[in-house]
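Structure at a glance
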Amino acid sequence: MSTEENPAAAPRSLAEALRGRDDVSLAALLRSRPDLITPVPTDLTQLATRAGTRASVVRALERLDRFTLQTAQALAIASDPATYDELLGLMAGDDGDPAVSAALPHALGTLRAQALVWGGDDRLRLVRTARELLAPSPQHPSPTGLGPTVREAGAGISPGRIQEILATAGLPSTHDSVSALNALAGLFDDPEQMSALLDQAPSESVEVLERLVWGPPYGQVTADPAPRLRWLLDRGLLLPTAPGTVVLPREVALRLRAGRAHRTTEPVPPPVAAAAAHRPQLVDATAAGQAYTALATVEELLKDWHEGGPAVLRAGGLSVRDLKRTAVALDVPEPVAAFWVELAYAAGLLASDGEADERYAATPAYDEWRERPAGERWARLVTAWLAATRTPGLVGERDAKDRTLSALGPGLDRSAAPEVRHRVLALLAGLPEGAAPDAGSLLARLRWEQPPRADRTGGGAPSPYARRTSAQPAEGTRGVAARAGGPGAPGYPADGASGEGGEDDLRSRLARWTLAEAEMLGVTGRGALSSHGRALIGAPPAPRHADTRTEPAGPGDKLPVHHRQTPVPPALSPAEQATAAAAAGRLLDPLLPEPLDHVLLQADLTAVAPGPLERPLADMLGVLADVESKGGATVYRFTPASVRRALDAGQSAADLHAFLTAHSRTPVPQPLAYLIDDVARRHGHLRVGAASSYVRCDDDAVLNEILADKRAAGLGLRRLAPTVLAARTDPAALLEGLRAMGFAPAAESAEGDVLITRADAYRTPPRTPPEPVPDGPPVPDDTLLAAAIRAVRAGDLASTAPRRPVAGAADTAPGELPRTTAAETLAGLQAAVLTNDTLWIGYVNAEGGASQRVIAPIRVEGGFVTAYDHTADEVRTYPLHRITGVAELAE
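Rules used in this analysis
- Residues numbered from 1 in each chain as written.
- Predicted model: local features only at pLDDT ≥ 70, side-chain atom pairs only at ≥ 80, totals over all residues.
- Heavy atoms only, no water.
- Helix = DSSP H or I, 4+ residues; strand = E, 2+ residues; numbered from the N terminus.
- Buried < 20%, exposed > 50% of the residue type's maximum accessible area, 1.4 Å probe, protein only.
- Contact = heavy atoms within 4.5 Å.
- Areas by Shrake-Rupley, 256 points an atom, 1.4 Å probe, with all protein chains shown as cover.
- Pairing = 2+ DSSP bridges.
- Axes fitted to C-alpha atoms, helices over the stretch in contact; angles between N-to-C directions.
- Parallel < 35°, antiparallel > 145°, perpendicular 65-115°, else oblique.
- Left-handed = near helix turned anticlockwise from the far one by under 90°.
- Nonpolar A, V, L, I, M, F, W, Y, C, P; charged D, E, K, R; others polar.
- pLDDT = per-residue confidence, 0-100.
- Phe/Tyr/Trp six-rings, centres within 6.5 Å; stacked < 30°, edge-to-face > 60°.
- Lys NZ or Arg CZ within 6 Å of the ring centre and 35° of its normal.
- Salt bridge = Lys/Arg side-chain N within 4 Å of Asp/Glu carboxyl O.
- Core = buried A, V, L, I, M, F, W, Y, C linked by side-chain atoms within 4.5 Å.
- Polar contact = N/O pair within 3.5 Å; in protein donor to acceptor, adjacent residues only side chain to side chain.
- Arc of directions from axis to C-beta.

Glancing now at the overall build of the chain. Along the backbone of the chain there are 35 helices and 27 strands. In the chain, which comprises 891 residues, the share counted as buried stands at 48%. Excluding contacts between residues fewer than 6 apart, the proportion of contacts in the chain whose partners are at least 24 apart in sequence is 68%. When the accessible surface of the chain is summed, it comes to about 41000 Å², and 55% of that surface belongs to carbon and sulfur atoms.

This is the structure we're talking about:
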C-alpha cells in the first residue's frame, strides 16, 4: 500500500508522495507527462518541483478528459486539504449520482497518477499551481460558475457592516471580522438554517439568486439598490466586492445548487453513433477504388511537374495562380489540389530543387516509389499522412500577421494533427464493421476526451447568465445588470492560443478534415473504416452489427447508439506504424484492379484504356497521345503534336507502328497510320543548333519559305549558305518559333546528331521528407524510462541520506554539496577504505555539473578514488580534485 493510501504515513509534500511510489507508477507519470523528464531531474524533489510549474501543469490539464477535469475543478473549490466524501458531494450533489460515484475513483486515480493530486482520501491536495489556475477569481472565472467564498469576498467589508449583516441574518454578534465571517459561512453551510433563511426571502430576491446561481456570479448594482437586492445584501447573500459590484458567495451558490459544483457532470464518455451501415465488401471495394485514384492522382501531379514544376515564392510555397493551374490539371477543387500537393511533399516525393531560380519538381525517391507494388506505394502515402503535422486545410487562410497561408509554404504545421487523425480513425475502428459514424457524435466524443479551452478554464465561455438576462428590461438605477465575469478583465490567460479561432476550434476542424482526407486516400469507404484501414492503425477486426442487411443504409438510416463498441486502439510507435502500414498494403493489393496490357484503338484518332494500364504502356501512351477524359475508362487522343512529341523522344515511325500493333486489341485504324507517317515524313527535315543558333536544311526552298514568312521576323534569321540560316535567338526559342510557324524541326548536337529530349528527365537533388513538428517532448521509451528512474532514485538517495557532519566542516543545508578541505576529504576517503564505510560526497564533473553521490570507497591512489557508486549502481573512479567534500552517513 502506498503512502497516499495509508493515513498513518500521509505524505507532507508532493515530493514525499512521489518518493512513496514504485517504479511502475513513476514510469506511468513520466510517460503521461514527458516534459518532466526533459532533462532528467536530479532527484524526486526536483521532479516534484518541475511537476508543479505552470507550463507543465497547463499541459497536463489540457490532456485530461472532461470528467477528470471536472474533478480537478471541484477540488479547486473544495477545502485544502479535502476529503473524498467532500469531493464526492461536490461532484454528485446532495442527492447523489450512481454514475458519478462509480467514475470518481478512476478520475481521482488519474489525477494522482499524473501528480496533479496527492495525499490520501482523507487529505486530498490539488497541486498549488493547478489550484491557482482552476480556482475562481474575478480575473479567472471558473467553468463551475462559482465565485469566491464568504471569507474571501468579505475581506474588504468594514467590521461594522459585517456585524450588521450578522444581526439581520439572525446571528449573534462577534468581537472581530474573522469570526463574523466564519459564522456567516457556517449559516450558509447549514442546510436547515439556509432553507429557513430562503423561506423568508421575497420571490423577487429568489429570482435574482436563481439568475446568478450557475454563474457568472458577479453583477452590478446602483448606489440605491432595489428592495429585493437590499434584502439580499443585508443578509450577506450578496456581498460587495468593488464599488457598484456584488458577488454571490460560493457557499450560497453551492447550497442553492444542492451541493453540485457543476450544472452537468459527464462521468461516461458519449458513444460514437453509427449513422449508416454498409456491407463490408462494399466498403472495402469503395475504399480500394479511392486508394487507386489517390495513387493515380499523385502520379499525375508529379508527371505534370516532370520538366520542373511551379516556381517557389520568395516567402516559400506555391502561388495562388500555380495552385489554380494544378487544380485544373488534376480536375479537382483547389483545396483538394492543395491536399495532394502537401501529401506528395510529406511523403518525400516532391521538393524544391534549390537552384537560384528555385522550382518544385519530383525527387529521386519518386522514381523508386513508382516501381514499388501498388500496396506499398499506398502504404507510404498514408503513413506520411498519419504522421504529418502540416495541415492542407489551412491553405488560403490568414495567419496571425494577416499573411495568406500557401500550399508548401510556412505556417501550416499544427502539432495536434497526428493525434487527432489517429483518434478519429481509432474511434471509427470501435464501430461495427461497415458502420459509418455520425459526425456530430464523433466530434462530441473528441470534445469529451479533450475539452475545449473554455470548458477547461472558463475563459471565453458564453455566459448562461448573460443569455438569460439579455432579454430582461433595464432596471434603471435600482437593478442588477449583467456583467460577464465581474470586475477586472475576465478570462483565462490564453497559453498557446492559436489563430483560426483558437486551438479548440482547430481540433474540431482537424477531425472533419481527417474524415474527408481518409475517404480520398481510401482508408475509409462510404464513411466506414475499411479492413485495410483497420490494419493501418493496428485495430483488431471489428464486430459485425446485428443488422444483417445486404444493402447499404440510406443517409437517414441511423443505427442505435448503444451498440457494443470495441476498445479504442492505442497510438503506435513509428516502428509499429511502419509494420501496420505494410500489413495494410498487403490487404489492399488484392482489392486493386489488375493493370492491363492493351488498349482499344478507334478510327477517330482515339484510344480507349478500359482500366489501369501497365506502367510501360501507360508511360509510352502518355507521350504518344494526350489524355482527353478520365474515369472508369481513360480516352487518349492522337494529334500531330503528340506524335511529334514521341518522335522527339527518339521513336521512329516504325517503332510507333509496332507499338500500337502490339498493344491494341483492335486493328490500327488507317487514319492513325497516315497521321504517324505524315508527321514522321516532315520530322527532322530541319536541323537547329547553336550559332547563337542556326537552321540547316538540304532543301533551300524551305529556307526561302521561312525567310519570307513575316512570323520569322522576331527570330533574327539570315542566310549563311544556301542550306544554312543563322539566328540571334537561342536554340530552344528557335525550335518553338519554327514549330509555331507549322514546321517540325529537330534539335541537333554540336556533332550534328539528333538530340533526344525526354519530358521526365528533371529531378531535384536527394531530399528528405519534412519532419513533423512535435507537440512537446516525445514520449520516452521503456529503456529511457528505466534509466531515468534509476538516476532519479539514485540522486534522491544521495540528497536524502542521513549524514553526520565531519568535524570542523561547515553545516550544509538540504540540497547543498558537502564542503571539506582537501586534506579532510583525503583523510575521510582513506578512513572509509579501511572501515568499509559509505560516504556522501559532492562531485563536479568536467562540464561543471554538480551532483551528490553515495559511494563506498575501495581504494585511493594517484589522485583518484575508486568506489562503488550506489547512485549509479556501478564501480567508478573519481578525480580527488573534483570532490567538493565528504560526509559520513548516519547509522
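If you walk across this open sheet you meet the four strands as S13-S14-S16-S15, and the pairing is antiparallel. The strands lining the two open edges of the sheet, one partner per strand, are strand S13 (600-602) and strand S15 (626-629). This sheet shows a mean twist of 30 degrees between the axes of neighbouring strands, independent of strand direction.

What follows is about the packing of helix H21 (residues 417-429) against helix H22 (residues 439-449). Where H21 meets H22, the closest approach of the two axes is 11 Å, and the angle between their N-to-C directions is 120 degrees. By the angle between their axes, H21 is oblique relative to H22. Crossing geometry of H21 relative to H22 is assigned as right-handed. Here Arg423, Val424 and Leu427 of H21 come into contact with H22, specifically with Leu442, Arg445, Leu446 and Glu449. A per-class count over the contact of H21 with H22 returns four nonpolar, no polar and three charged.

Here we come to unusual backbone geometry. The omega torsion of the bond from threonine 38 to proline 39 falls at -5 degrees, within 30 degrees of zero and hence cis. Residue position: proline 39 is located in the loop between helix H2 (23-32) and helix H3 (44-51). Although it is not a glycine, alanine 115 adopts a positive phi angle of roughly 60 degrees. Within the element layout of this structure, alanine 115 appears in the loop between helix H7 (98-113) and strand S1 (117-118). Taking the relative accessible area as the measure of exposure, alanine 115 reaches 1% and is therefore buried. A positive phi angle is found at leucine 408, which is not glycine, with a value near 65 degrees.

Right, let's get into the confidence of the model for the chain. Of all residues in the chain, 86% have pLDDT values of 70 or greater, and the mean over the chain is 82. This stretch, residues 1-8, has a pLDDT under 50; its non-local contacts, to residues over four places away or in other chains, come to 15 contacts. A low-confidence stretch, residues 459-502 (pLDDT under 50), is modelled with 91 contacts involving residues beyond four sequence positions or located in other chains.

On to the packing of aromatic side chains. Tallied over the entire structure, the rule returns four aromatic pairs. The ring centre of tryptophan 369 lies 5.5 Å from the NZ or CZ of arginine 377, which sits over that ring.

Glancing now at the pattern of salt bridges. Within the structure shown, the criterion is met by 36 salt bridges. Here arginine 128 ties to glutamate 132 by a salt bridge, and the two come within 3.1 Å at their closest N and O atoms. Of the two residues, arginine 128 and glutamate 132 are both situated in helix H8 (residues 128-134); the distance of four residues between them amounts to about one turn of the helix. According to the relative accessible area criterion, arginine 128 is exposed, its value standing at 60%. For glutamate 132, a relative accessible area of 48% translates into the label partly exposed. Residue aspartate 709 is joined to arginine 711 by a salt bridge in which the shortest nitrogen-to-oxygen separation is 2.9 Å. Here the residues in one salt-bridge network are Arg161, Glu164, Arg230 and Asp234, joined through shared partners.

Once that is clear, we can look at the packing of helix H16 (residues 280-304) against helix H17 (residues 320-330). Interhelical geometry of H16 versus H17 gives an angle of 125 degrees and a closest axis separation of 10 Å. In this view, H16 runs oblique relative to H17, as classed from their interaxial angle. The chirality of how H16 crosses H17 is right-handed. Facing H16, whose interface residues are Thr297, Glu300, Leu301 and Asp304, H17 presents Thr326, Ala329 and Leu330. Along the lines of polarity and charge, the residues of the contact of H16 with H17 split into three nonpolar, two polar and two charged.

With that settled, the discussion passes to the nonpolar core. As a rule of thumb, soluble globular proteins bury nonpolar side chains together. Core analysis: the biggest nonpolar cluster contains 93 residues, and Leu75, Phe188, Leu237 and Leu238 have the highest contact counts within it. For this core, the leading source of residues is helix H5 (residues 66-77), giving seven residues. If we skip the residues at most four places from it in the chain, leucine 237 touches Phe188, Met194, Leu197, Leu198, Leu209, Trp231, Leu232, Val247, Leu248, Pro249 and Val252. Of all hydrophobic cores here, the second largest spans 75 residues; its members include Trp340, Trp378, Ala417 and Ile537.

Note that proline 34 resides in the loop between H2 and H3. Proline 34 gets classed as buried once you look at its relative accessible area, which sits at 10%. Contacts of proline 34, omitting those with residues within four sequence positions, involve Pro777, Pro778, Val779 and Pro780.

We now examine the side chain of histidine 532. Here histidine 532 lies in helix H26 (residues 531-536). A polar side-chain atom of histidine 532 sits 3.1 Å from a polar atom in the side chain of serine 530. Residues in contact with histidine 532, not counting those within four places in the same chain, are Asp284, Ala287, Ala288, Trp378, Gly522, Ala584, Leu587, Leu588 and Leu591.

Before going further, it helps to spend a moment on helix H13 (residues 203-212). Given 3.6 residues to a turn, an α-helix orients residues that are three or four positions apart in the same direction. Among the residues of H13, those classed as buried are Ser205, Val208, Leu209, Arg211 and Leu212. On an axial view of H13, the arc spanned by its buried residues comes to 160 degrees, and they lie on one face. Set apart from the buried face of H13 by more than 90 degrees, the exposed residues are Ser203 and Glu210.

For helix H12 (residues 191-199), the complete set of buried residues consists of Met194, Leu197 and Leu198. Each buried residue of H12 sits inside an arc of 95 degrees when the element is viewed along its axis, so together they form one side. Exposed and oriented more than 90 degrees from the buried face of H12 are Glu192 and Asp199. Contacts made by the buried residues of H12 are with helix H11 (177-189), H13, helix H14 (227-234) and helix H15 (250-256). The backbone nitrogen of glutamate 192 lies 3.0 Å from a side-chain oxygen of the residue at the head of H12, namely aspartate 190.

As a further point, take the environment of aspartate 353. Relative to the assigned elements, aspartate 353 resides in the loop between strand S7 (350-352) and strand S8 (360-362). With relative accessibility at 4%, the residue aspartate 353 sits in the buried group. Residues aspartate 353 and proline 766, 413 residues apart in the sequence, show an inter-C-alpha distance of 9.2 Å. Only 3.1 Å separates the side chain of aspartate 353 from the backbone nitrogen of glutamate 355, close enough to count as a polar contact.

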